[in-house]
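Here is how the chains run, residue by residue.
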Amino acid sequence: MAARLAELPGVRAVVLGGRRARGTHRPDSDWDLGVNYRGAPDLAALTALACEVQGSPVEVAGAGGWGPWVNGGAWLRVDGTPVDWILRDLDRVEQVWSDCREGRFEVGVQPGHPLGFWSPCYPGEVALGRVLADPYGELTELQQETRSYPEPLRKALADAAWEAEFSVAAARKSVASGDALHVALCLSRAFGILAQSLHAHHRTWCLNEKGALAAAALLPRTPADFAERVGVALRGLDVAAVETAGAVVRDVRAVLR
């Protein structure tokens, strides 16, 4: 499938991503194929191939169809197995990588990413993926670069932990009025930032919210009971929960110094 995708107009390379690329998959895990293109992908050709390999009609979302960062793609079932195609604009990936090397990153609004889409996900996907088809050698070269975590990005993401403290302070103001939604959002944001900062501190790519808490808890010097204390705070959403969150933030920021 990857070889056939790479033959389509505009497609430059195909990479296996997700848990299967990292060897942490379960038997029922999806197969995630990153379809890297330049220019405008040929939506008609992608749709025709998708319908052929699934054996039934498939809707393929073009560039931007799934939002500004996830971009587009298709959800297929091939012989009963879920296979996701995820479009990636290679020019944009390279620009984000250039920004990351300078210590610049964005957090964009994106459906499916409640804590936002963190732009370093793009080079992280390349670094952690398994290249399946790369007839021009572009993605293989980029992968070699991205496997060295940029020091400016490490510092920028570690320094971003200040916002976690700010978010807890905002939650502290809202908890007295019983505004559970705002408290939940503030605490979730704080813990998501801490997960990103801890990964960056150890020069480890963090791709999204899923699994980030458990992965951060396993990193060296992460405070004891980190994941458990986060869970207590998110279940409570009361005054005690906010104080627990504040203590977690202080403990993590001490690690990051």
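Residues numbered from 1 in each chain as written. Predicted model: local features only at pLDDT ≥ 70, side-chain atom pairs only at ≥ 80, totals over all residues. Heavy atoms only, no water.

> What exactly am I supposed to notice about the pattern of salt bridges here?
Think of it this way: side chains of opposite charge can pair up when their charged atoms draw near. Evaluation of the coordinates by the stated rule reveals 14 salt bridges. For R12, the salt bridge identified is with E138, shortest N-O distance 2.9 Å. Of this pair, R12 sits in strand β1 (residues 11-17) while E138 sits in helix α6 (residues 138-146); the two residues are 126 residues apart in sequence, bridging distant segments of the chain. Judged by its relative accessible area of 21%, R12 falls in the partly exposed class. (Salt bridge = Lys/Arg side-chain N within 4 Å of Asp/Glu carboxyl O. Helix = DSSP H or I, 4+ residues; strand = E, 2+ residues; numbered from the N terminus. Buried < 20%, exposed > 50% of the residue type's maximum accessible area, 1.4 Å probe, protein only.)

> What is the right way to read the sheet that holds β1 from this model?
Either a parallel or an antiparallel arrangement is found when strands of a sheet pair, and the pairing is made through backbone hydrogen bonds. The sheet built from five strands is open, its strands ordered β3-β4-β2-β1-β7 with mixed pairing. With one partner strand each, in any of the chains shown, β3 (73-78) and β7 (130-133) form the two edges of the open sheet. The average undirected angle you get between the axes of adjacent strands in this sheet is 30°. Across three bridges, β1 lies against β7 in antiparallel orientation. Within β7, the residue paired with L16 across the bridge is R130. Strand contacts of helix α3 (residues 43-54): β3 and β4 (81-89), with the helix running at about 15° to β3, the strand carrying the most contacts. Along the sheet face, α6 touches β1, β2 (31-37) and β7 and points at about 170° away from the line of β7. (Pairing = 2+ DSSP bridges. Axes fitted to C-alpha atoms, helices over the stretch in contact; angles between N-to-C directions. Contact = heavy atoms within 4.5 Å.)

> What's the story with the side chain of D134 in this structure? I'm lost.
Residue position: D134 is located in the loop between β7 and α6. Put simply, D134 is tucked away with no salt bridge, and the nearest opposite charge, on R12, sits 7.3 Å away. In terms of polar contacts, D134 uses its side chain to reach the backbone amide nitrogen of L139, at 3.3 Å. In this structure, D134 is in contact with R12, A13, L139 and T140, ignoring residues within four places of it in sequence. (Lys, Arg positive; Asp, Glu negative; His and termini not counted. Polar contact = N/O pair within 3.5 Å; in protein donor to acceptor, adjacent residues only side chain to side chain.)

> What should I look at first to understand the packing of aromatic side chains in this one?
In this description, a pair of aromatic rings is defined by centroid distance and the angle of the planes. Taken as a whole and judged by the stated rule, the model has eight aromatic pairs. The interplanar angle of 15° and the centroid separation of 5.4 Å between the aromatic rings of W69 and F117 together place this pair among those described as stacked. One end of the pair, W69, is in the loop between α3 and β3; the other, F117, is in strand β6 (residues 113-118), and 48 residues separate them in sequence. F117 matches W69 in its accessibility class, with the two residues each being buried. Summarising the aromatic geometry, the rings of Y149 and W205 are spaced 4.5 Å apart at their centres and angled 45° between planes, so their arrangement reads as tilted. Pair noted here: Y149 is in the loop between α6 and α7 (151-159) and W205 is in the loop between α9 (180-201) and α10 (212-217), with a separation of 56 residues, a long-range link. (Phe/Tyr/Trp six-rings, centres within 6.5 Å; stacked < 30°, edge-to-face > 60°.)

> Got a minute to help me understand the nonpolar core in this structure?
Generally speaking, a soluble globular protein has its nonpolar side chains buried in company with each other. Residues L187, F191, L194, L198 and F226 are the most contacted members of the largest nonpolar core, which totals 52 residues. At 10 residues, α9 tops the list of elements feeding residues into this core. The residues touching L194, leaving out its near neighbours within four places in the chain, are A161, A164, F226, V248, V249 and V252. Counting 22 residues, the second-largest nonpolar core is a separate cluster that includes L49, V58, A74 and V83. (Core = buried A, V, L, I, M, F, W, Y, C linked by side-chain atoms within 4.5 Å.)

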